[in-house]
Every structure is written in structure tokens, then in C-alpha cells.
There are 2 protein chains.
Amino acid sequence: MLEAFKSHLSAAFPELMGSSFLLACSGGLDSMVLAHLCKDAGLEFELAHCNFNLRGEASESDQEFVRETADKLRIKTHIKSFDTIGYANQNKVSIQMAARALRYEWFDQLTASENHLRYIVTAHHADDALETFLINLGRGSGLEGLCGIPARTANIRRPLLAFSREDLEAYAETARIAWREDASNSETRYLRNRLRHEVIPALKAASGGFLDQFGNSVRHLDGSRALIERYMDGVFRKVSRESDGVLVFSIPALRALHPREAHLHELFRDYGFTDWKALGRLLESETGREVQSPTHRLLKHRDELLLKHRVPLDRGPWSFDPHNPAAGLPIDLTVEEVAQMHRAGKEVLYVDKETLKKELTLRKWQKGDYFYPIGLNGRKRVSKFLKDAGLSRFDKETAWILCSGKDIVWVVGHRADDRFKVTESTRKILKITWQKKSF
Amino acid sequence: MLEAFKSHLSAAFPELMGSSFLLACSGGLDSMVLAHLCKDAGLEFELAHCNFNLRGEASESDQEFVRETADKLRIKTHIKSFDTIGYANQNKVSIQMAARALRYEWFDQLTASENHLRYIVTAHHADDALETFLINLGRGSGLEGLCGIPARTANIRRPLLAFSREDLEAYAETARIAWREDASNSETRYLRNRLRHEVIPALKAASGGFLDQFGNSVRHLDGSRALIERYMDGVFRKVSRESDGVLVFSIPALRALHPREAHLHELFRDYGFTDWKALGRLLESETGREVQSPTHRLLKHRDELLLKHRVPLDRGPWSFDPHNPAAGLPIDLTVEEVAQMHRAGKEVLYVDKETLKKELTLRKWQKGDYFYPIGLNGRKRVSKFLKDAGLSRFDKETAWILCSGKDIVWVVGHRADDRFKVTESTRKILKITWQKKSF
């Protein structure tokens, strides 16, 4: 296996032969064999071991075992102990997600601070890939879940994907490599074990060369995935535009896509939407209907779907001196005294300076806000005004209010208040301009 | 199960409730349960049983069993006996392919002659789909092999795909349905049996609801396949054009496609090319290199790939009277006597009528052909002439020769012969026009 490993490296991972890397090592069969292979192949690397403190004594023994092995092999070791359960509770994620996040965060720190370590190398092999494939097949995954574990992503390299578990076991035996049973706490452990010990051996027995052919299938699927990505790039450009931090999808354009569900799935998957039937229904529902993913909100508004991040709104208020408005404001306002009014656009407000208090405040509108819209005889609720203006819920939620004391001066970008307007008797005119940003 | 079957029918196959169909029935568990379900659901149908005569006595017993069952159920039965082995030998296909071809040919005949039978219904179920998926995964298939067995194609319907083998077994037991062990002679029988009895039960045990989730995955993959087809339609139009029965692919356009292999695979798969590495090499090889599939030939010619059917050439000759040339000729020639020459294009020939024999012949060129090209002082080999003209091998192979007796009058569409040209002393001019066809 050492020769096969070496020739695989020079064919597929020449970068690992020329520079130093970090090898993620749990102490289990896979990573111990990889460590020995790398050592025997004369590569330059260091070990990184995460102690997730999930199994008491056993975690300590794993750590000790990795350290001893590293000493024996005369390799530098990095070891870090994590409060995985604490992190999981604090961030409301699964133990598995927590371990994954902690591990890669630390690896990134290590490769950033020790910049001779150019790559992170993991011991995933062909059987892992098949297990993951079958797990995802049993979850109803689409193509994206059935594509392979990539041999390279960013600075991560997986040089054992071309080898089977049997290859590793055989090498461990001939090279007398010791390892510790990998009693990981992954939630898929039970499932993985049954796949590993029952399903996959049966598959291999039923169909000769199954693992290699599976690898070919996965390469095909990777290619198919790439084609779909190219296709969807074009579709995305055709059906959407960006406006003020919101992605706007044309519903007539979406309706023209066939098959609809597959297109919707691809368009909105990256935003965390997995229920394509709900997306399909959204197209046909009335204005104001919304579906949410863990990270995003998607709103039907007339003949568009509006997509934006689910971020909690900071509603303000922010107080500011009109002579120095930009300091600390969430939006970009410029204020200048001018000799006369020019035609005011929606993003420009002219006011009678002397009607204003010294300090202005900016905030999101709230229930119960009233103002006196210019051109309207009397008072109007801001919420009613915004609704009548035909704004989408997203635009309504983010509408800004400029106040002088408790009085609304401007529903920013929409309508000025009558009480502060420039009149015949105005002596000083302030021009306030809102610089809209795309972000 | 009967209720589930009925509601599945009305949701997904309403067409089967309104019209009569042919149910393909081997006598095995799946088709016997389907026959009983259809009877119990009050549908109108007839049975079709193929006796492939592959297992001697057992084949006869299967046939007898289906006939008895049909009598009991008071359903009309169609039974046909086939010489499957003879067909396989004669057509040089596998027994399995032969059985498949014979079966569908007969079904088509039946539904064509008995036109109250609107559909062909088969008993494929979810476990069959999973078996086929795993078999193809173990063959390195791409997306096209991993997409589902379709519930409907043309006039075939598969209403049991939503049900598992356990569902069928349970119904067979409660409804006391008898069946005969399906000892099919398929080449995948050994593999299917191991998948059926070892792998799939282990998968189902490892992962609850596996079969349903697998169904979801397959629906996703079907959607992905549809996206790729839409994408490839556009790519195909961009990189290819049709010329005279040959598909011409621009190599610079093919080179611009990334990832190249996935694109080549999709572009040429339908023409029987499966070795995408060979296709990749062809792009980079010298003019004249060719790869073949069972059905097609793909030729590199300069900066193009030329694709055409692998059909044996009929080389001729065809003799004809120049006054009535179209009769029976493989190409479209028109002949007329004209008063004078106009500027001759490549597809038009002017000759001195009195230099010709009464009967002309048309044929493909052959080795050893010589002629006297106009404008050239002397004799030239046709093969050398065509090569010097820069023709691709495909164009060379299909070049036509017009002869008068043994002498070449015209390398059709390329060059006239000096001996028959119109001169000062010509009294009668014949104009021969070749009408090029796109096909």
C-alpha cells in the first residue's frame, strides 16, 4: 500500500510532497495509518489532535496515545482540549456540529499562525464516502448530498479517498500499526456501524469491484453537479436582481421554469429552504405570504419573491447633531444648509431649519407612529401610509423615521411631514439627503 | 394495501381507472399481486404472459398457472411462446436483451391490434427500483443510470413503484394470493438475489424509512437530470451544427466547456460513446483520428469533430438515362439542355453532350480511380485529389463520381473532367445540377 500511496500522491497531490501540512489525527485506524504512511513516504507534517472531552477517561487515553505515537515517529503534535458540550449548548447546535466547528476553527488558527503548514490533511477513505452516500440516500438527499466527499476543498486534502478500509487494515497489520477504537460520539454512529459492518460488506460481496465502480459513479455525479451549477448561474441571473440588500425574483420568470420544483430547489437551497413544495405554493399564494428557512425569509410581494437574511432589526433610536450626521448612524445622511430648494427627489428632504430641535433622531417606525404627510390634509398612521404606498413587508419593516423630538419630520425616502416644510417665511433651508446603499 | 393502491391510482394514475389496459404477468409475486389488486379495485384489464421457453417444464407450468389464474379471475389472457435463445443468437444480443425486445415488440403489437388496450402496466415496485439503483451504482453509472424507473413512459405505467416488496408480500398473504417463484434467467439474477436478500434488508434495518427516503432522493435526481437536459440543449446548439447528415462540433467551442469531461459525456452519450477520456484525447489529437461507438463514428478533422451514423456504404454503381436522372438515384441530380453556360458553382456541371455516352453511371469513388481535372495539366488520382482538397475522411468516403462508360466526367460537387468540358466547338450543352440535401 505504501507504494500505491506514494504514486497516488505524486499523481494527485503533488502539493503535499513539496510542503508541510497538518494531519488531523484522532488515534483511530484511519488517521493512524495515514500518519504512518506519510511518515514512511518521507513527507513533512505535524499532527493535530482534538480532545473533545466527550468520553471521560477514554478521551484522555486517546490524547495520550496520539502524543506517544507522535513522539515515537518524531513528529510535532498539537493537542487541544475543547468544552464541546458547553459550545453545543451555548450555540444550540448538535454535539456533532459543535465538534466540527471547533475542530475546523482550531485547524484554521493553527495553519494561520504556523504558516509553514500549508494544508490540512484528513484520513477520509472510500468506505467513508460510501457510508456518507448511503446515509444521505436514506435521508432523501438530492444530487448535492450524493456527490462525493471532495478530495480537495480550499486547503483541505483527503489523499486516502482512493483507498478502501480493507487497504488500511491490511497496511496496519503488515506495518504493525497500533490504533484505538474510534468511539466517536457522532449521531450517525449507530447507523454508520450498521452500514460498515452489515450493508457495505454485503454490497461488496454481491458486486465485485463495487467500491471502485461507486467511485466512478460519484465522479460522474460530481460532473453532473458542475453542469447544474453552470446552468443555474444563468437561470439565477435571468430570474433575479439585487435591490438594496434584498434579492428580488420575478415570479413570471420563475413560473416559466420547467420542471418547476427542481429549479426552485436549486435556486433556494443555498438559502436553507428545503421544502420545495412550500416554495411552489408560495408562487401561487397572495401578496404578503412568507416562508422562512433557518437563515432567510422569502416573501411573496405582488409578482415578485423577495429574499433576505433573517437578521434581528436594530430599531434605534440614534440621536445626532444635524451638522455631523454620519457619525454612528446606520444609514448615510448628509445635511447642508442651502440657499434655495431644487426639485426634491424621494431621497432628498428640504426643511425649515428653525422648526427643528437641535438634536434629531433616526429610528425604525413603530406601531402608533403618526405624522402629517405633505399634501394630505391631516394626520396619518405611518403603518397605513406605508401600506398604501404599496411597500412590501420587507420594505415596511426597514422604513426609517427621522424625528425632531417626538415629531416625525420625514418617513425617510417616502414622505416629508407638513409641519416642517419650507414656506414663504422660511429663513434657513436644510437639505437632507439619504444616500441609498446596495449591500 | 388495496385502499392505498386505489387512492394511489386515483391520485397518480387516473388514466388507468378510465380505460382498459394490458397487464404484463409472469406469474411471480409482483405481477400476481398487481393482477389481484387491479381486479379487486374493479379495473378493466387483460393479462399478457410471455413464455420465453428458457426453463423447460417450469416455463410451461408458469404459463399454465397464469392461464388458470386468469380463468379464475375471469380475465382475458394473451399468451405467447418465444424462441428467445434463437432470437438472441440471431441478433447477437444477450438472452436478457432478447427477452426484453420480444416482450415489448409483442406488447406493442397487442396494444396496436386490440386498440381498446390503451396502456401496458408492469409490476415494478420500490424494491426493484432500489435494486436497479444499486446495480448501476456498482457499474459506475452516472446520473442517467441512477434516476428512477419512471412511473410512466409512453404508454407504459408502473403503479406499484410507490409500494415495497413487503407491502406486496403482506397483501399476498392476507388475500391468499398464490404465485410461482420467479426464476428469471436475467444475467443480474445472482446479483439481484444477493441485493434482495442481504443488502436491502440490511439497509432497511440500518435506516428507518429507507425506501421512502430513497424514493425522495430519486425524485431529486430525476429533477437534476431534467435541469441538465435543459442546460445541454443550449450547449448542444452552441457547439454543433448539422451539415449534410453529419453533426459538426466546433473544437474551440468544446474546449471552452468546463468541466470538459462532464460536458463531453453528456454531448456524446446518446450516440453510444461511454469512454469520455477517449473523447477528451480526441480533442487534442491530429486530424484524421477517429473513435467509434457501437452506433456512431466521431472523426477529428481540423478544428471540428464530425459525427455520423455507422452505416455500411452502398457504393453503387447506379446507371441512369440523363433524360430521367432522378429515378432510383441515391442523390438528387437534375439534367437539362441549355443554350449557354452561366458561371458554374461547385454543384453545377456543364458538359459537352456529344462527348457523353447514352447512359451515365453514378457511384462512390474507389481506389485506383483517375481523372483529368479541369485546370490541371494531366491525370490525377481521385484519392489524392480529394485529400488535397482538404476533405475530411467522412466527406472523402462519401464523394460521388459521375461516369460516362469508364471515364470520370465529374467528381460530383468538386471538379469536372477536362475531357468532357464545353469548348468552342460544342453544339449541345448539358447542365447537370446536384441538389444537396440536409438529412
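Predicted model, so just to flag it, every value in this text is computed and none were measured.

## With respect to the overall build of chain A
Here is step 1 of the chain: The helix and strand tally for chain A stands at 16 helices and 21 strands.
Here is step 2 of the chain: Principal axes of the C-alpha set define a box for chain A whose edges measure 100 × 50 × 40 Å.
Here is step 3 of the chain: Here chain A, with 439 residues, has 48% of them falling under the buried criterion.
Here is step 4 of the chain: The long-range share in chain A, meaning contacts at least 24 apart out of those at least 6 apart in sequence, stands at 69%.
Here is step 5 of the chain: Element-wise, carbon and sulfur atoms account for 47% of the exposed surface of chain A, whose accessible area totals about 22,100 Å².
Here is step 6 of the chain: Taking the average location of the 66 positive side-chain charges in chain A and that of its 60 negative ones, the two points are 8 Å from each other.

## What to know about the packing of aromatic side chains
Residues and elements named next belong to chain A.
Here is step 1 of the chain: The full count for this structure, using the stated rule, is 26 aromatic pairs over all chains.
Here is step 2 of the chain: The interplanar angle of 70° and the centroid separation of 6.0 Å between the aromatic rings of Phe82 and Trp106 together place this pair among those described as edge-to-face. Placement of Phe82 in the loop between strand E3 (77–81) and helix H5 (84–91) and of Trp106 in helix H6 (residues 95–113) is noted, with a sequence separation of 24 residues between them. Note on accessibility: Phe82 and Trp106 belong to one class, buried.
Here is step 3 of the chain: Over the ring of Phe394 we find Lys308, and its NZ or CZ is 4.8 Å from the ring centre.

## Observations concerning the packing of helix H11 (residues 210–239) of chain A against helix H13 (residues 260–269) of chain A
All names here are of chain A.
Here is step 1 of the chain: Put simply, H11 and H13 touch, their axes get as near as 10 Å, and they point 85° apart. Classified by the angle between their axes, H11 and H13 sit roughly perpendicular to one another. Along the contact surface, H11 presents Arg225, Ile228, Tyr231, Met232, Val235, Phe236 and Val239, while H13 presents His263, Glu266, Leu267 and Arg269.
Here is step 2 of the chain: The class makeup of the residues in the contact of H11 with H13 is 7 nonpolar, 1 polar and 3 charged.

## Things to note about the relation of the copies chain A and chain B
Here is step 1 of the chain: Least-squares fitting of chain A to chain B yields an RMSD of 0.4 Å, with the transformation described by 0.1 Å of translation along the axis and a rotation of 180°. Such a turn and shift between the copies fits a two-fold axis.
Here is step 2 of the chain: Most of the interface of chain A is mirrored in chain B: 100% of its interface residues are interface residues there too.

## Looking at the sheet that holds strand E14 (residues 348–352) of chain A
All names here are of chain A.
Here is step 1 of the chain: Spatial strand order, E13-E21-E14: 3 strands in an open sheet with antiparallel pairing. Across the chains shown, the open sheet's two edge strands, defined by having one partner strand only, are strand E13 (332–338) and E14. Along the sheet, successive strands turn relative to each other by an average axial angle of 25°, direction set aside.

## So, the UniProt feature "domain: Lysidine-tRNA(Ile) synthetase C-terminal" (unreviewed entry) in chain A
Here is step 1 of the chain: In the numbering adopted here, UniProt assigns the feature "domain: Lysidine-tRNA(Ile) synthetase C-terminal" (unreviewed entry) to residues 360–432 of chain A.
Here is step 2 of the chain: In the segment residues 360–432 of chain A, helix accounts for 16% and strand for 34%; the C-alpha atoms at its two ends are 12 Å apart.

## A short note on the interface of chain A and chain B
How big an interface is tends to be stated in terms of the accessible area lost upon association of its parts.
Here is step 1 of the chain: Residue-level contacts link 44 residues of chain A with 44 residues of chain B.
Here is step 2 of the chain: Taken together, both faces of the contact between chain A and chain B bury some 3,700 Å²; the carbon and sulfur share is 72%.
Here is step 3 of the chain: Of all residues in chain A, A:Leu137, A:His220 and A:Leu227 give up the largest surface area on contact with chain B, accounting jointly for 17% of the area buried on that side.
Here is step 4 of the chain: At the boundary of chain A with chain B, the tally comes to 0 salt bridges.
Here is step 5 of the chain: The interface formed by chain A and chain B includes 8 residue pairs in polar contact (both at pLDDT 80 or more).
Here is step 6 of the chain: For the side of chain A that touches chain B, the secondary-structure elements that each account for two or more residues are helix H7 (126–137), helix H8 (143–146), helix H10 (189–206), H11 and H13 of chain A.
Here is step 7 of the chain: Broken down by element, the side of chain A that touches chain B gets its largest block of residues, 15 residues, from H11(A).
Here is step 8 of the chain: Class assignment of the residues belonging to the side of chain A that touches chain B gives a composition of 24 nonpolar, 15 polar and 5 charged.

## Here we look at H7(A)
All names here are of chain A.
Here is step 1 of the chain: The terminal C-alpha atoms of H7, which comprises 12 residues, lie 16 Å apart, in line with the 16 Å expected from a rise of 1.5 Å per residue.
Here is step 2 of the chain: Among the 12 residues that make up H7, 11 are buried, leaving the element largely enclosed by the rest of the structure.
Here is step 3 of the chain: Taken residue by residue, H7 has Ala126, Asp127, Asp128, Ala129, Leu130, Glu131, Phe133, Leu134, Ile135, Asn136 and Leu137 as its buried positions.

## Considering the domain arrangement of chain A
All names here are of chain A.
Here is step 1 of the chain: Here the domain parsing of chain A yields domain 1 (2–206), domain 2 (221–309) and domain 3 (318–435).
Here is step 2 of the chain: Between domain 1 and domain 2, the C-alpha centre-to-centre distance is 36 Å.
Here is step 3 of the chain: Of the roughly 520 Å² buried between domain 1 and domain 2, counting both surfaces, carbon and sulfur atoms make up 68%.
Here is step 4 of the chain: Interface area lost by domain 1 to domain 2 is led by Leu143, Glu144 and Cys147, which between them contribute 84%.
Here is step 5 of the chain: Our enumeration of links across domain 1 and domain 2 arrives at 2 salt bridges.
Here is step 6 of the chain: Here Arg225 makes a salt bridge to Glu144, at a shortest N to O gap of 4.0 Å.
Here is step 7 of the chain: The interface formed by domain 1 and domain 2 contains 1 residue pair in polar contact (both at pLDDT 80 or more).

## Observations concerning the environment of A:Tyr87
Residue and element names in this part refer to chain A.
Here is step 1 of the chain: Here Tyr87 lies in helix H5.
Here is step 2 of the chain: The class of Tyr87 is partly exposed, set by a relative accessible area of 24%.
Here is step 3 of the chain: Other than its neighbours up to four places away in sequence, Tyr87 contacts Val93, Ala98, Ala101 and Leu102.

## Focus: the nonpolar core
Here is step 1 of the chain: Grouped together as the largest cluster of nonpolar side chains are 97 residues, with contacts concentrated most on A:Phe133, A:Leu134, A:Phe268, B:Phe133, B:Leu134 and B:Phe268.
Here is step 2 of the chain: Contacts of A:Phe268, omitting those with residues within four sequence positions, involve A:Phe249, A:Phe273, A:Leu279, A:Leu298 and A:Leu305.
Here is step 3 of the chain: In this structure, A:Cys25, A:Val33, A:Ala35 and A:Ile75 belong to the second largest nonpolar core, which totals 33 residues.

## Describing the sheet that holds strand E8 (residues 246–250) of chain A
Whether parallel or antiparallel, the strands of a sheet pair through hydrogen bonds between backbone atoms.
Residue and element names in this part refer to chain A.
Here is step 1 of the chain: Spatially, 5 strands are ordered E7-E8-E11-E10-E9 in an open sheet, and the strand pairing comes out antiparallel. On the outer flanks of this sheet lie strand E7 (240–243) and strand E9 (290–292), each paired with one strand and no other. Averaged over all pairs of adjacent strands, the angle between strand axes in this sheet comes to 20°, irrespective of strand direction.
Here is step 2 of the chain: By the bridge criterion, 4 bridges tie E8 to strand E11 (residues 304–309) in an arrangement that is antiparallel. Bridging across to E11, Val248 finds its partner in Leu306.

## Describing the UniProt feature "binding site: ATP" (unreviewed entry) in chain A
Residue and element names in this part refer to chain A.
Here is step 1 of the chain: Here the UniProt feature "binding site: ATP" (unreviewed entry) sits at Ser26, Gly27, Gly28, Leu29, Asp30 and Ser31.
Here is step 2 of the chain: Topologically, Ser26 is positioned in the loop between strand E1 (20–24) and helix H3 (29–40).
Here is step 3 of the chain: Taking relative accessible area as the criterion, Ser26 reaches 30% and is therefore assigned partly exposed.
Here is step 4 of the chain: Here the side chain of Ser26 touches Gly28 through a polar contact of 3.0 Å, landing on its backbone nitrogen.

## Comments concerning the environment of B:Thr174
All names here are of chain B.
Here is step 1 of the chain: Locating Thr174 in the fold gives a position in helix H9 (residues 165–174).
Here is step 2 of the chain: Taking C-alpha positions, Thr174 is 9.9 Å from Met1, a pair spaced 173 residues apart along the chain.
Here is step 3 of the chain: From its side chain, Thr174 meets the backbone oxygen of Tyr171 in a polar contact 3.2 Å long.

Definitions and limits used
Residues numbered from 1 in each chain as written. Chains lettered and ligands numbered in written order. Predicted model: local features only at pLDDT ≥ 70, side-chain atom pairs only at ≥ 80, totals over all residues. Heavy atoms only, no water. Helix = DSSP H or I, 4+ residues; strand = E, 2+ residues; numbered from the N terminus. Buried < 20%, exposed > 50% of the residue type's maximum accessible area, 1.4 Å probe, protein only. Contact = heavy atoms within 4.5 Å. Areas by Shrake-Rupley, 256 points an atom, 1.4 Å probe, with all protein chains shown as cover. Lys, Arg positive; Asp, Glu negative; His and termini not counted. Charge placed at Lys NZ, Arg CZ, Asp CG, Glu CD. Phe/Tyr/Trp six-rings, centres within 6.5 Å; stacked < 30°, edge-to-face > 60°. Lys NZ or Arg CZ within 6 Å of the ring centre and 35° of its normal. Axes fitted to C-alpha atoms, helices over the stretch in contact; angles between N-to-C directions. Parallel < 35°, antiparallel > 145°, perpendicular 65-115°, else oblique. Nonpolar A, V, L, I, M, F, W, Y, C, P; charged D, E, K, R; others polar. Least-squares fit on C-alpha atoms with pLDDT ≥ 70 in both. Pairing = 2+ DSSP bridges. UniProt positions renumbered as here; feature names shortened; annotations may be inferred. Buried area = accessible area lost by both parts, 1.4 Å probe. Salt bridge = Lys/Arg side-chain N within 4 Å of Asp/Glu carboxyl O. Polar contact = N/O pair within 3.5 Å; in protein donor to acceptor, adjacent residues only side chain to side chain. Expected span 1.5 Å × (residues − 1). Domains from an automatic or database assignment. Core = buried A, V, L, I, M, F, W, Y, C linked by side-chain atoms within 4.5 Å.

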